[in-house]
Amino acid sequence: MIAHIQGRLVEKTPTEVVIDCNGVGYHINISLHTFSLIPDSESLKLYTFLQVKEDSHSLFGFVEKQERELFKLLLSVSGVGASTARTMLSSLAPAQIIQAIAANDVATIQSMKGIGAKTAQRIILDLKEKVLKVYNLDEVSVVESNTNKDEALSALEVLGFARKAAEKVIDKIIRETPNATVENLIKQALKNL
């Protein structure tokens, strides 16, 4: 209904902004990702999504169209509401969430506040095909990074580390450097275990 709002930035907090558009102040909910991308200039344009509920109308704003589209995809999953989707986009960058969905990385999605194992699996199940189609991801790179992760985990298990602890460390490394080789994953993990 409201595709974007452009106007003068009046207020800015990590969770919301107020944009004055020709004398009307729009209260817009934002994620931390969007907050980090908002320029210091007075003029601001945000792509928006209007959520209409029985008891409220909420406006959500995004600096990038990609983040808005991912927000809408997340809302399409049963059990994921606007606050959960916004929390996810505040925890990780949209590209990292897309990569996690495409790579069947339940641990990364589950690591976000408010997401349990079942919801994480449902997000992947419902969105994987849409994400691969919409964002034209190359499945080869997704499979390759999963193989690197599996090989690094196997090596760490052979070295005597507990799988759960190793997996947490490996997942963190992959989030920070998605294209890490098996050797780099193992070296970094050994420093952190």
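Residues numbered from 1 in each chain as written. Predicted model: local features only at pLDDT ≥ 70, side-chain atom pairs only at ≥ 80, totals over all residues. Heavy atoms only, no water.

(A) Structural view of the packing of aromatic side chains. The tally for this structure, following the rule as stated, stands at three aromatic pairs. Centroid distance Phe60 to Phe71: 5.0 Å. Interplanar angle 40°. Geometry classified as tilted. Here Phe60, found in strand E5 (residues 57-62), pairs with Phe71, found in helix H2 (residues 65-75); they are eleven residues apart in sequence, far enough to count as distant. Among the residues examined, Phe60 registers a relative accessible area of 6% and is labelled buried. By way of ring pairs, the aromatic residues Phe49, Phe60, Phe62 and Phe71 are connected into one cluster. Geometry around Phe35 places Lys12 over its ring, the cationic atom sitting 5.0 Å from the centre. (Phe/Tyr/Trp six-rings, centres within 6.5 Å; stacked < 30°, edge-to-face > 60°. Helix = DSSP H or I, 4+ residues; strand = E, 2+ residues; numbered from the N terminus. Buried < 20%, exposed > 50% of the residue type's maximum accessible area, 1.4 Å probe, protein only. Lys NZ or Arg CZ within 6 Å of the ring centre and 35° of its normal.)

(B) Examining the pattern of salt bridges more closely. One pass over the structure, following the stated rule, counts seven salt bridges. Between Glu69 and Arg68 there is a salt bridge whose closest N-O contact spans 3.3 Å. Glu69 gets classed as partly exposed once you look at its relative accessible area, which sits at 31%. Measuring nitrogen to oxygen at the nearest pair gives 3.7 Å for the salt bridge that ties Glu69 to Lys72. On the criterion of helical spacing, the pair formed by Glu69 and Lys72 is a turn pair, its members being three residues apart in helix H2. Note on Lys72: relative accessible area 34%, which makes it partly exposed. (Salt bridge = Lys/Arg side-chain N within 4 Å of Asp/Glu carboxyl O.)

(C) Up close: unusual backbone geometry. Positive phi, close to 55°, is recorded for Asn22, a residue that is not glycine. In this structure, Asn22 sits in the loop between strand E2 (16-21) and strand E3 (24-29). We classify Asn22 as exposed; its relative accessible area is 79%. Of note in this structure, Asn104 is not a glycine but carries a positive phi near 55°. Owing to a relative accessible area of 40%, Asn104 belongs among the partly exposed residues under this scheme.

(D) Structural detail: the side chain of Thr48. Along the chain, the position of Thr48 falls in strand E4 (residues 43-52). The exposure class assigned to Thr48 is buried, which follows from its relative accessible area of 3%. Polar side-chain contacts of Thr48 include one of 2.5 Å to the backbone oxygen of Ile2. (Polar contact = N/O pair within 3.5 Å; in protein donor to acceptor, adjacent residues only side chain to side chain.)

(E) Seen up close, helix H3 (residues 82-91). Turning to H3, its buried residues number three or more, namely Ala82, Thr84, Ala85, Met88 and Leu89. For H3, the arc enclosing every buried residue in end-on projection is 165°, short of the 170-degree limit, so these residues lie on one face. (Arc of directions from axis to C-beta.)

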